[in-house]
Amino acid sequence: MEIILYVAVAIIALAFAVLSVFLIKVLKSTETTLSKTAETIDSVQGQIDGLTKETTVLLHKTNVLTDEIQEKAEKFTPAFEAVKDTGDSLQKLNQSFSKISDSFEKGVESKQGNTVKVANWGSTILGLWEQYRLKKSYTQSVKEDG
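For the structure given in this document, a descriptive report is provided here. Just so it is clear, the model here is predicted, and its values are computed rather than measured.

1. Overview of the overall build of the chain
From N to C terminus, the chain includes 1 helix and 0 strands. Whereas a compact globule of 146 residues would reach a radius of gyration of roughly 15 Å, the chain reaches 59 Å, over 25% beyond that. In terms of its C-alpha atoms, the chain occupies a principal-axis envelope of roughly 195 × 45 × 15 Å. For the chain, buried positions account for 0% of its 146 residues. Working note: accessible area of the chain is about 13,600 Å², and carbon and sulfur atoms make up 66% of it. Separation of charge centres in the chain, based on 17 positive and 19 negative side chains, amounts to 14 Å.

Set out below in structure tokens:
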């Protein structure tokens, strides 16, 4: 029975040795993977550092450009205000012309009415004058004949 015990211990020792070999292989594989992962992380870190520097430079340039645009916009503000004032003046001028045109049109319309009245009075006066002349000439011809 003792022999069974020795055989069992030998089997356990052999199983432990096989398990240790496989565990060593897995750990070496894991070590290789971790090493490659560390290299990748170092590479990514370098790229991130480069991107950070480029982003900082780009941000600085953007801030400078924004300041320049702000300064130039402030310089053009009086020009924009002058254009607006010119537009307002032209609008007022157009309104004045419109009022003058309306006033002129109303004046012409009222004068047309007066002109028609004057023409009617003129026709009436001419008609009366013609009747007076005819009557006078008739009266003179009656005096000469009679």
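2. So, the environment of Asp42
Counting through the fold element by element, Asp42 comes out in helix 1 (residues 2-145). Residue Asp42 is classed as exposed on the basis of its relative accessible area of 55%. C-alpha of Asp42 to C-alpha of Ile24: the two residues are 18 residues apart in sequence and 27 Å apart in space.

The rules we used
Residues numbered from 1 in each chain as written. Predicted model: local features only at pLDDT ≥ 70, side-chain atom pairs only at ≥ 80, totals over all residues. Heavy atoms only, no water. Helix = DSSP H or I, 4+ residues; strand = E, 2+ residues; numbered from the N terminus. Rg over C-alpha atoms; globule rule 2.2 N^0.38 Å. Buried < 20%, exposed > 50% of the residue type's maximum accessible area, 1.4 Å probe, protein only. Areas by Shrake-Rupley, 256 points an atom, 1.4 Å probe, with all protein chains shown as cover. Lys, Arg positive; Asp, Glu negative; His and termini not counted. Charge placed at Lys NZ, Arg CZ, Asp CG, Glu CD.

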